[in-house]
Amino acid sequence: MPSFIYDKARESFLGIASGSINWTNDVIKATLVSSSYVPDQANHQYVDPSLWAHTGSGAWTPQVLSGKTSTTGSALASNVTFTAVPAPYTINYVVLWKESGNGSRSQWQLVALLDSSAITGLPLTGSGADITIAWNSVTAARIFKL
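> Teacher, can you tell me more about the overall build of the protein chain here?
Scanning the protein chain for helices and strands turns up two helices and 11 strands. Sequence-ordered secondary structure for the protein chain, helices as α and strands as β, is β-α-β-α-β-β-β-β-β-β-β-β-β. The C-alpha atoms of the protein chain give 14 Å as radius of gyration, which agrees with the globular expectation for 146 residues (15 Å, within 12%). Projected onto its principal axes, the C-alpha positions of the protein chain cover 40 × 35 × 25 Å. Counting only residues that meet the buried cut, the protein chain has 42% of its 146 residues in that class. Taking as baseline every contact in the protein chain between residues at least 6 positions apart, the subset at least 24 positions apart corresponds to 74%. When the accessible surface of the protein chain is split by element, carbon and sulfur atoms take 50% of a total near 6,900 Å².

> Could you clarify how one ought to interpret the packing of aromatic side chains in this entry?
Geometrically, a pair of aromatic rings is defined through the distance of the ring centres and the angle of the planes. The full count for this structure, using the stated rule, is eight aromatic pairs. Considering the side-chain rings of F4 and Y6, the 5.0 Å spacing of their centres and the 80 degrees angle between planes classify their relative orientation as edge-to-face. Given the relative accessible area of 9%, F4 is considered buried. Y6 sits in the buried class, given a relative accessible area of 0%. Plain terms: the ring middles of W60 and Y89 are 5.0 Å apart, the flat faces sit at 90 degrees to each other, and that makes the pair edge-to-face. On the criterion of sequence distance, the pair formed by W60 in the loop between α2 (47-50) and β3 (63-64) and Y89 in the loop between β6 (80-82) and β7 (90-98) is long-range, its members being 29 residues apart. Residue class for W60 comes out buried when judged on its relative accessible area of 4%. The exposure class assigned to Y89 is partly exposed, which follows from its relative accessible area of 27%.

> Help me out: how do you make sense of the sheet that holds strand β11 (residues 144-145) in this one?
Ordered by their spatial adjacency, three strands build an open sheet running β4-β5-β11, and the pairing between neighbours is antiparallel. Of all strands in the sheet, those bounded by a partner on one side alone are β4 (69-71) and β11.

> Mind showing me how you'd approach the side chain of K68 here?
Along the polypeptide, K68 turns up in the loop between β3 and β4. One polar contact links the side chain of K68 to the main-chain carbonyl oxygen of W23, over a distance of 3.1 Å. At 2.3 Å, the side chain of K68 and the backbone oxygen of D26 are in polar contact. Filtering out sequence-adjacent residues up to four positions away, K68 remains in contact with W23, T24, N25, D26, V27, I28, L76 and A77.

> Where do I start with the nonpolar core in this structure?
When a protein is soluble and globular, its nonpolar side chains tend to lie buried together. With 41 residues, the main nonpolar core has W23, L96, W135 and F144 as its most contacted residues. If you list the elements that add at least two residues to this core, you get β1 (4-5), α1 (7-13), β2 (28-34), β5 (74-76), β6, β7, β8 (109-114) and β10 (131-133). Apart from the residues lying within four places of it in its own chain, the contact partners of W23 are F13, I28, L65, K68, T69, S70, A75, L76, A77, L96, I143 and F144.

> Is there a simple way to think about the pattern of salt bridges in this case?
Where charged atoms from two side chains of opposite charge come close, those side chains can pair. Following the criterion strictly, the structure yields four salt bridges and no others. D26 is paired through a salt bridge with K98; the nearest N and O atoms lie 3.6 Å apart. Separated by 72 residues along the polypeptide, D26 in the loop between α1 and β2 and K98 in strand β7 bring together distant segments of the chain.

How each quantity is defined
- Residues numbered from 1 in each chain as written.
- Predicted model: local features only at pLDDT ≥ 70, side-chain atom pairs only at ≥ 80, totals over all residues.
- Heavy atoms only, no water.
- Helix = DSSP H or I, 4+ residues; strand = E, 2+ residues; numbered from the N terminus.
- Rg over C-alpha atoms; globule rule 2.2 N^0.38 Å.
- Buried < 20%, exposed > 50% of the residue type's maximum accessible area, 1.4 Å probe, protein only.
- Contact = heavy atoms within 4.5 Å.
- Areas by Shrake-Rupley, 256 points an atom, 1.4 Å probe, with all protein chains shown as cover.
- Phe/Tyr/Trp six-rings, centres within 6.5 Å; stacked < 30°, edge-to-face > 60°.
- Pairing = 2+ DSSP bridges.
- Polar contact = N/O pair within 3.5 Å; in protein donor to acceptor, adjacent residues only side chain to side chain.
- Core = buried A, V, L, I, M, F, W, Y, C linked by side-chain atoms within 4.5 Å.
- Salt bridge = Lys/Arg side-chain N within 4 Å of Asp/Glu carboxyl O.

Quick look at the structure:
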């Protein structure tokens, strides 16, 4: 499955869905997602209940994206590092979401799913070492393009 922006996130960027997404001002987080996750671009909207069970159950901490910019409809941010990702997790995806201030995963809106078509080195298996996700800063698509 190629990388994509979740349909409800597209609607939020366009102001159609409830709650909007502001790439540069909102808290956007990234997490590693195991191969057990079955992506559903059209129907998955929030981190819980669809995604959280596939994020290592606390084995690694989701990372806040910093240095976010957008140019010509392309999203970019500083690279992120996940520390001490344990074995035997197989990571197939990096998923981005907008975290709301209420602390409830059932309100954290999914933004984008990135796979090997967007991130070099996926899939990978945790070994206890740190994993750095280097976003594509060269192509016009960057992390993703609206």
